[in-house]
Structures are given as structure tokens and as C-alpha cells.
Amino acid sequence: MEFFLDSANLKEIEEASSWGVIGGVTTNPSLMSKEKEPFNELVKGICSLVEGGPVSVEVLSTEAGGMVEEARRLAAIAPNIVVKIPMGGEGLKAVYELGRGEDKVRCNVTLVFSVNQALLAARAGAAYISPFIGRVDDIGWDGVGLVEEMVDVFEVQGLESRIIAASIRHPRHVHEVAAAGAHIATVPFSVLQQMAVHPLTDRGIEKFLADWGKSRSSESI
Ligand code: G3P
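About the thresholds
- Residues numbered from 1 in each chain as written.
- Predicted model: local features only at pLDDT ≥ 70, side-chain atom pairs only at ≥ 80, totals over all residues.
- Heavy atoms only, no water.
- Phe/Tyr/Trp six-rings, centres within 6.5 Å; stacked < 30°, edge-to-face > 60°.
- Helix = DSSP H or I, 4+ residues; strand = E, 2+ residues; numbered from the N terminus.
- Near = heavy atom within 4 Å.
- Polar contact = N/O pair within 3.5 Å; in protein donor to acceptor, adjacent residues only side chain to side chain.
- Areas by Shrake-Rupley, 256 points an atom, 1.4 Å probe, with all protein chains shown as cover.
- Nonpolar A, V, L, I, M, F, W, Y, C, P; charged D, E, K, R; others polar.
- Buried < 20%, exposed > 50% of the residue type's maximum accessible area, 1.4 Å probe, protein only.
- Lys, Arg positive; Asp, Glu negative; His and termini not counted.
- Salt bridge = Lys/Arg side-chain N within 4 Å of Asp/Glu carboxyl O.
- Contact = heavy atoms within 4.5 Å.
- Axes fitted to C-alpha atoms, helices over the stretch in contact; angles between N-to-C directions.
- Parallel < 35°, antiparallel > 145°, perpendicular 65-115°, else oblique.
- Left-handed = near helix turned anticlockwise from the far one by under 90°.

Applying the stated criterion across every chain, the model contains three aromatic pairs. Here Phe 113 and Phe 132 contribute two aromatic rings whose centre-to-centre distance is 6.0 Å and whose plane-to-plane angle is 70°, an arrangement assigned as edge-to-face. Of this pair, Phe 113 sits in the loop between strand E5 (107–112) and helix H6 (115–124) while Phe 132 sits in the loop between strand E6 (128–131) and helix H7 (133–138), and the two are 19 residues apart along the sequence.

Okay, here's the thing in C-alpha cells:
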């Protein structure tokens, strides 16, 4: 399973990229609104930090024509832009339109909450499909279970869209969607940080350093 960073914060993206574990970035209008940089500069900055990895940026229009226009403007900012299109009839029209002709634009269909929505997004031509598992859990359903079902159905049907487990809230979500077969998990920076630590790791380092200090404190490596 690949990791994307779910963030529009340049510092977070730079730090996570330096760990060598991030293959792309996903953003949304809420994440973009937390940042201060002018929109185009911010998008260019993010695109330059991920070594050509896909950067999902979302449209704001709610009807297909507007989505397509915004998508083409976004795609012109950098070659690694993937346009995030909200699920729905208008969104499907836009994804289908953007996948035709010469200037194809790769799309990530977002706000997906059922296998049927995912099936439609795949047939319309989505490169990526984003089930929001935390928000599914929020209403008392099973977000990881949804990803599991989606992965199974896509395998049975031979569909090629990549499933991005999104709206990840804690480290347990991450290993559960990996076990469920998600192709990608897009994780907030705070969750990525939590994934890297364990109290026994910290305790182990402290003990190694203390033991070294007992007899070799004058030496360094
Ligand atoms: O990738 C989708 C994500 O940004 C939404 O997360 O926590 O707002 O449901 P959340």
C-alpha cells in the first residue's frame, strides 16, 4: 500500500517527503483554507515537493461544465495534478468528459461512501476513488469494511481505478485499510507521526544511550 499525505501545508509535505514514504498528496477545500499562500502558488509549491507524485486538488463547481473548466485550469498548473471531483451525476459527467479527447485529465472521485458509487466512478473513468472511512465511522457504519468490500468487488470485476482510503483519523485505520487491500492510504501528518513512534522504541533508545554512557562516555562514533 502506498502512502499519500492528506495536507496542503508546505512544511508538513516537505517533512513527510524527506522521510521517503510519501508518493503523493491529497488536498480538499477545507485543507486549502487553512493555508495563507495564494492558491496558485500553494498548488505549485505542493506539486514541486513530491517529485512528480500525484497531487489531488479539488474543484469548487457543482455542475459538470464548471467542473471541467476548473479541472482544465488546475491541470495546467503542473503535470502531476490530479483533479478531485465530488461524486454525483454532475461529477460523473465531468470525469467522463475529462477522460476523453487529447487533453485527458486524471480524476480522483471524492466523497465516496458506497460500493455502488465507487463502481460508477470507475466506469466513468476515475483514476482514483476516495472512500472517506472516518466519516463512515462517524455515522456508526464501518469505514474499513467499506474499503474491504470495494477492494473485493474491484478485483472480481477487474476494475483498474486505484482505491485511496481517505478521512483516516488514527494509526489503526492505516493498518486496517492495508490489510483490507487499499491501494493507497492518504494520511494526515499527525497520523503519519503517530505511526512512526512507539513507547518501547523511545525506551530502547534511552537505555542504549544510558548503557553507552556508563562505560564509553568519552568515545563517540
Ligand atoms: O482525504 C479526505 C480528508 O481530508 C477528509 O478527512 O477527517 O475531514 O473526514 P476528514
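Picking up after the structure, the text goes on.
Every residue close to the ligand is listed here: Asp 6, Asn 28, Phe 132, Arg 135, Ala 166, Ser 167, Arg 169 and Thr 186. With respect to the ligand, the side chain of Asp 6 contributes an N or O atom lying 2.6 Å from an oxygen atom. Contact distances for the ligand include 2.7 Å between an oxygen atom and a side-chain N or O atom of Ser 167. Here the ligand loses 81% of its free accessible area of 310 Å² to cover by the protein chains. In terms of residue class, the shell around the ligand is built from two nonpolar, three polar and three charged.

Below, the discussion takes up the side chain of Asp 6. Mapped onto the fold, Asp 6 is located in strand E1 (residues 2–6). Here Asp 6 is buried and forms no salt bridge, its nearest opposite-charge partner Lys 84 lying at an N-O distance of 4.9 Å. Among the polar contacts listed, one links the side chain of Asp 6 to the side chain of Thr 26, at a separation of 2.8 Å. Aside from chain neighbours lying at most four places away, what touches Asp 6 is Thr 26, Leu 31, Thr 186, Val 187 and Pro 188.

In this section: the side chain of Thr 186. Counting through the fold element by element, Thr 186 comes out in strand E8 (residues 184–187). Judged by its relative accessible area of 1%, Thr 186 falls in the buried class. Separated by 3.4 Å, the side chain of Thr 186 and the backbone nitrogen of Asp 6 make a polar contact. Excluding residues that lie within four positions of it along the chain, Thr 186 makes contacts with Phe 4, Leu 5, Asp 6, Thr 26, Ile 164, Ala 165, Ala 166 and Ile 168.

With the rule as written, the count across this model stands at eight salt bridges. A salt bridge links Arg 216 to Glu 219; the nearest nitrogen and oxygen atoms lie 2.7 Å apart. In the salt-bridge network here, residues are joined through shared partners; they are Lys 207, Asp 211 and Lys 214.

The next point concerns the packing of helix H4 (residues 64–75) against helix H5 (residues 89–98). Put simply, H4 and H5 touch, their axes get as near as 8 Å, and they point 45° apart. Taken together, the axes of H4 and H5 lie oblique to each other. Considering the relative orientation of H4 and H5, their crossing is right-handed. Within the contact between the two elements, H4 uses Ala 64, Met 67, Val 68, Ala 71 and Arg 72 and H5 uses Glu 90, Gly 91, Lys 93, Ala 94, Glu 97 and Leu 98. Here the residues of the contact of H4 with H5 are counted per class, giving six nonpolar, one polar and four charged.

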